[in-house]
Amino acid sequence: MEYRYETKIRPVDFWKLSMYHTYHSLVGMCNLVFGAAMIGLTVRFWNEANDVIQALLFLACLLVPVVQPLVVYLKAKAQAAVVPQGAELAFGEDGIHVSLKGKRELIRWNRVSRVVKEAGMVIVFTDRRHGYMLTNRVLGNEKNDFYQYVKAHINTSGA
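This write-up is about the structure you can find in this document. Source: prediction; values computed, not measured. (Residues numbered from 1 in each chain as written. Predicted model: local features only at pLDDT ≥ 70, side-chain atom pairs only at ≥ 80, totals over all residues. Heavy atoms only, no water.)

Let us now look at the nonpolar core. Residues Phe91, Ile96, Phe146 and Val150 are the most contacted members of the largest nonpolar core, which totals 21 residues. Elements represented by at least two residues in this core include exactly strand 1 (3-6), strand 2 (88-92), strand 3 (95-100), strand 6 (121-125), strand 7 (131-135), helix 4 (136-139) and helix 5 (143-156). Here this core takes five residues from helix 5, the largest share from any one element. Sequence-distant contacts of Val150, defined by excluding residues within four places in its chain, comprise Phe91, Trp109, Val115 and Val124. Ala76, Ala80, Phe125 and Met133 belong to the second-largest nonpolar core, a separate cluster that totals 11 residues. (Core = buried A, V, L, I, M, F, W, Y, C linked by side-chain atoms within 4.5 Å. Buried < 20%, exposed > 50% of the residue type's maximum accessible area, 1.4 Å probe, protein only. Helix = DSSP H or I, 4+ residues; strand = E, 2+ residues; numbered from the N terminus. Contact = heavy atoms within 4.5 Å.)

So this is what it looks like as C-alpha cells:
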C-alpha cells in the first residue's frame, strides 16, 4: 500500500496549529482568565471611567480575542513564506519518498520519530522539531487510515 500527497501549506494552517497549542496550554488558560477579567473590569467600571480609561479598557478587552490571533496569523504568514511548497510525499513500505524541485530523498521509517493528529492535520515528525504537515484538505477521507498506516510503520521499524 502507498499513500501519495502533495504538500500545500497555507498561513492559516500554521495559525490553526499555533492557536491549538496556545489554547491547550497554561498560556491559553491565562489568556482566557485575563480576557474574562478584562471584560469583568470593563463592565464594572465603564460608567465611572473617563473617556481615556474607557478607551484603554476597550483595547484591553480586544487583546485576547482580536490582537493576539492577528499577531499569531502574521507570524504564521511569515512561516508559510519560507516553507517549500509542492513537495511530493509518497509513503510506502520502505519509508517516505520526498520529491521537491527535481530532488529526491528517501526517509526510512526508522528515522521517523512520531506521528500526531491535531488541529485538522497529521504531522509526521522526522525529529523532535521537524516534520511534514499534511492537512485534512490534502488527506481527505484517508486521514484516519493514513495515520494508522504511518503509526504502524513507526512501531514496527524499531524507532
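Among the structural elements, His153 can be located in helix 5. Classification of His153 as buried rests on a relative accessible area of 12%. A distance of 2.9 Å separates polar atoms of two side chains, one belonging to His153 and the other to Glu93. Filtering out sequence-adjacent residues up to four positions away, His153 remains in contact with Gly92, Glu93 and Trp109. (Polar contact = N/O pair within 3.5 Å; in protein donor to acceptor, adjacent residues only side chain to side chain.)

So, on to the sheet that holds strand 4 (residues 103-108). Pairing is antiparallel in the open sheet, where four strands are placed in the order 1-2-3-4. Here the strands that pair on one side only, and so sit at the sheet edges, are strand 1 and strand 4. The average angle at which neighbouring strand axes cross in this sheet is 15°, direction not considered. Across six bridges, the pairing between strand 3 and strand 4 is antiparallel. Bridge pairing links Ile96 to Ile107 in strand 4. The strands that helix 5 touches are strand 1 and strand 2; relative to strand 2, the one it contacts most, it runs at about 60°. (Pairing = 2+ DSSP bridges. Axes fitted to C-alpha atoms, helices over the stretch in contact; angles between N-to-C directions.)

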